[in-house]
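# Structural characterization, general
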Amino acid sequence: MFFASKTGFKITKALTKNLCFIQKANITGRGTRGGPLELLKPFPYEDRPFTLFDSFFDNTMYRVCQENAKIIVVEGPIACGKSAFAQELAEQLDMKYIPQPTMDDYYILYSGYDLRQHDDELPSIVRSFDHRKFCVNPTDPKSCIYQINMMFLRFFQYVDALAHLLNTGQGVILERSFYTYAAYMDANLYASTFFKKPHLIIYLDIPIPVVQERICTRNYSYEQNSPALTPEYLQSLENIWKLDYLKNSIRRSEILVYDWSDGGDVELIVDDIEKLNFSLFRRDEKFIHWQLNRRGWGYYRRWLTNGKTTFKKYFNAPYYVIPELEKYQPYVYKKRDDLFHKVTYIYFYFFFKLENLLTY
């Protein structure tokens, strides 16, 4: 009897652990803390699934409300110095830095085998296509597939970032996010609550002439005299980022914009970040999409940690190649790419609308 009571007391103590806690609604740098950030013991989510039983003993709300447990996205034009800035900022804030994905992540298997080595053996329509080839020939029919693949990679990178935050309590800094690509299709998609929005977006702004100058300075062969990186194209990207993406992001994220033409001091930006209020219960409801109860956070965490492969079906937009149609009906075949773009848009539109079916 005594043994049963003692065991029951231990179980009750474990279940009620971390039920009462105070949210740490700020981000602090190493200079303010005077040392490294103390993190909770991480859950090994990369080695095993997070189960319902685990959620009884591991309160996700406690991890989300830890100091510096935030998602930060660094945005900016090409060659503005996002990578170096994001790495230094992650070191200052003791966050995990995740570089932006490339098509190497798509074509190189886990075993290290590169699928692109078979390009010479394949028809041109199914050969690999990456950023280098896009800069050389942006009008290639595969450029649409390339953009979809990049959004695919950024989507799952954002899933990994959220899963890391929920399972470890450590904040994450990303270079761009899949919401940037959503802005290309429809700015209204950013209003979706399907995934939690970044707490903070830092935009490093540089003028178009400076962008072109830095492209020449870093001297990548595929970017020199590229028909894709024209002033008109760079200006259109800037308009999308500023007039659509940032404009819609301000409703659900804090935004800091800096003139990065001559670089800057990361420590000064850390000081600006420390002044921001990241409370989940602000009057303006900016972070209302981060408000879930313990049961909701447990479900959301299991959904992101264990159900990653189920998301892939939303990217299975087919791309048909019919040479006979090109030969006998060239006008119809010419409309194929437009049709594929519209079908893909519909896929993603309904994908982002799935949040209406979710209940936490």
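Scope of this entry: the structure provided in the associated data block. Computed from a predicted model, the values in this text were never measured in an experiment.

## Describing the packing of helix 5 (residues 82–93) against helix 12 (residues 266–274)
It is the contact of helix 5 with helix 12, at a shortest axis distance of 10 Å, that shows an interaxial angle of 60 degrees. Relative to helix 12, the element helix 5 lies oblique. Relative to helix 12, helix 5 is oriented so that their crossing is right-handed. Here Phe 85, Glu 88, Leu 89, Gln 92 and Leu 93 of helix 5 come into contact with helix 12, specifically with Val 266, Glu 267, Ile 269, Val 270 and Ile 273. Residue composition of the contact of helix 5 with helix 12, grouped by class: seven nonpolar, one polar and two charged.

## Considerations on the side chain of Asn 68
Along the polypeptide, Asn 68 turns up in the loop between helix 4 (60–64) and strand 1 (71–75). You can call Asn 68 buried: its relative accessible area is 0%. Excluding its chain neighbours within four sequence positions, the residues that come into contact with Asn 68 are Asn 26, Ile 27, Thr 28, Arg 33, Leu 37, Leu 93, Met 95, Gln 170 and Gly 171.

## Considerations on the sheet that holds strand 5 (residues 254–259)
Strands sit in the order 2-3-1-4-5 across an open sheet of five strands; the sheet is parallel. Edge positions in the sheet fall to strand 2 (96–98) and strand 5, since each of these pairs with one other strand and no more. Strand-to-strand, the axes of this sheet are offset by a mean angle of 20 degrees, without reference to chain direction. Of the strand pairs in this sheet, strand 4 (residues 200–205) and strand 5 are connected by six bridges, and their pairing is parallel. Directly across from Asp 205, in strand 5, lies its bridge partner Asp 259. Here helix 11 (residues 231–249) sits on the sheet and contacts strand 1, strand 4 and strand 5; the angle it forms with strand 4, its principal contact strand, is near 155 degrees.

Parameters and conventions
Residues numbered from 1 in each chain as written. Predicted model: local features only at pLDDT ≥ 70, side-chain atom pairs only at ≥ 80, totals over all residues. Heavy atoms only, no water. Axes fitted to C-alpha atoms, helices over the stretch in contact; angles between N-to-C directions. Helix = DSSP H or I, 4+ residues; strand = E, 2+ residues; numbered from the N terminus. Parallel < 35°, antiparallel > 145°, perpendicular 65-115°, else oblique. Left-handed = near helix turned anticlockwise from the far one by under 90°. Contact = heavy atoms within 4.5 Å. Nonpolar A, V, L, I, M, F, W, Y, C, P; charged D, E, K, R; others polar. Buried < 20%, exposed > 50% of the residue type's maximum accessible area, 1.4 Å probe, protein only. Pairing = 2+ DSSP bridges.

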